[in-house]
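Inside the fold
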Amino acid sequence: MKTNSDDGMPLLAPGGTEIAHIAGRTFAMVTQPKIGYQLKVTDPAALQEWVEQKAPTEVARTITVEVKADEAERVMAALGELLGPDRANLTVEVRPAFLDLLGEAAAKNGVTVDPRTGEFVDLPGVKIVPTNPSPTVRFTPDAAQVIEDAYRANLFSGARLAAMLALPAAEKGDQ
């Protein structure tokens, strides 16, 4: 649904396209992409707690052990042995693939959806952020010629050019 801004210029709705003309000749198409959404994790611990309860297989636990070269084989054979302070670390995180699924659902719907059940959920520790897509301009193959012809026909001078660019009109001496 197209509407006009206060100055009469057309506004593009998400997914809309406008054809740009000069003197009745098409020289470009302007498309406003549809608004998308991104999932942004704001509180990893809160999200992890929710995933632990709702989808426990989607939480990965990684133990990182710092060993010397000559210890590696022995440590691998006896992971249960105590190595001493600050030599092993436990990392717990939501699996990146599960985060991707959550993000894909958010991008499609603008809300958080449990990818396992399809239920709309209020995920703790995340927020949905709308993307701000920029319009794209695709010029026709003969756009340069259309613009050159309009220039040669004196369509780009003074007030006409200012009106096309939505700039304040030039003073009479500037034309």
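Above this note sits the structure.
Let me begin by describing the structure that accompanies this report. (Residues numbered from 1 in each chain as written. Predicted model: local features only at pLDDT ≥ 70, side-chain atom pairs only at ≥ 80, totals over all residues. Heavy atoms only, no water.)

1. Some details on the overall build of the chain
Here is the rule: Put simply, DSSP H or I for four residues or longer makes a helix, DSSP E for two residues or longer makes a strand, and each gets a number counted from the N terminus. Here the term buried applies to any residue with accessible area under 20% of the maximum for its type, exposed to any over 50%, and partly exposed to those in between, with areas from a 1.4 Å probe on protein chains only. Contact definition: two residues touch when any of their heavy atoms are within 4.5 Å. Exposure was quantified through the Shrake-Rupley algorithm and a 1.4 Å probe, taking into account, for residues, occlusion by the shown protein chains and nothing else.
Scanning the chain for helices and strands turns up 5 helices and 9 strands. Taken from N to C terminus, the helices and strands of the chain fall in the order β-β-β-β-β-α-β-α-β-α-β-β-α-α. When each of the 175 residues of the chain is scored for burial, the buried share is 23%. Contacts spanning at least 24 positions in sequence make up 57% of the contacts within the chain whose residues lie at least 6 apart. Accessible surface for the chain amounts to roughly 12,500 Å². Of this, 54% is attributable to carbon and sulfur atoms.

2. Some thoughts on helix α3 (residues 96–109)
This is how the line gets drawn: One fewer than the residue count of a helix, multiplied by 1.5 Å, yields its expected span. For this quantity, the arc is that covered by the directions from the helix axis to the C-beta atoms.
Between its first and last C-alpha, α3 extends 20 Å over 14 residues, near the 20 Å set by a 1.5 Å rise per residue. Looking at α3, one finds that the buried residues are Phe98, Leu102, Gly103, Ala105 and Ala106. For α3, the angular spread of buried residues about the axis comes to 160°, placing them on one side. Among the exposed residues of α3, those oriented more than 90 degrees off its buried face are Pro96, Ala97 and Lys108. Following α3 by one or two positions, Gly110 adopts a phi angle in the positive range, close to 75°.

3. Notes on the sheet that holds strand β3 (residues 17–22)
Applicable threshold: Strands are labelled as partners when DSSP assigns at least two bridges between them. Each axis is a line fitted through C-alpha atoms, taken for helices only over the stretch in contact, and angles between the N-to-C directions span 0 to 180 degrees.
Taken together, 3 strands build an open sheet; the order of strands is β3-β4-β9 and the sheet is antiparallel. The open sheet terminates on both sides in strands that have one partner only, identified here as β3 and β9 (136–139). Strand-to-strand, the axes of this sheet are offset by a mean angle of 25°, without reference to chain direction. For β3 and strand β4 (residues 25–31), the ladder comprises 6 bridges, and the chain directions are antiparallel. Directly across from Glu18, in β4, lies its bridge partner Val30.

4. A look at helix α4 (residues 143–152)
Listed in full, the buried residues belonging to α4 are Ala143, Val146 and Ala150. Taken end-on, α4 shows its buried residues confined to a sector of 65°, consistent with a single buried face. Facing away from the buried side of α4 by over 90 degrees, the exposed positions are Ala144, Tyr151 and Arg152. Elements in contact with the buried residues of α4: β3, β4 and β9. Immediately beyond the C-terminal end of α4, within one or two residues, lies Asn154, with a positive phi of roughly 65°.

5. Here we look at the side chain of Glu58
By the secondary structure assignment, Glu58 is in the loop between α1 (44–54) and β6 (59–65). Residue Glu58 is classed as buried on the basis of its relative accessible area, which comes to 19%. If near-sequence neighbours (up to four positions away) are discounted, Glu58 is found in contact with Val51, Glu93, Val94, Arg95, Phe98 and Arg116.

6. Thoughts on the side chain of Asp114
Inspection of the secondary structure assignment puts Asp114 in the loop between α3 and β8 (126–130). Sequence-distant contacts of Asp114, that is, excluding residues within four places in its chain, are made with Trp50, Glu119 and Val121.

None of the figures reported here should be taken as evidence of function without further support.
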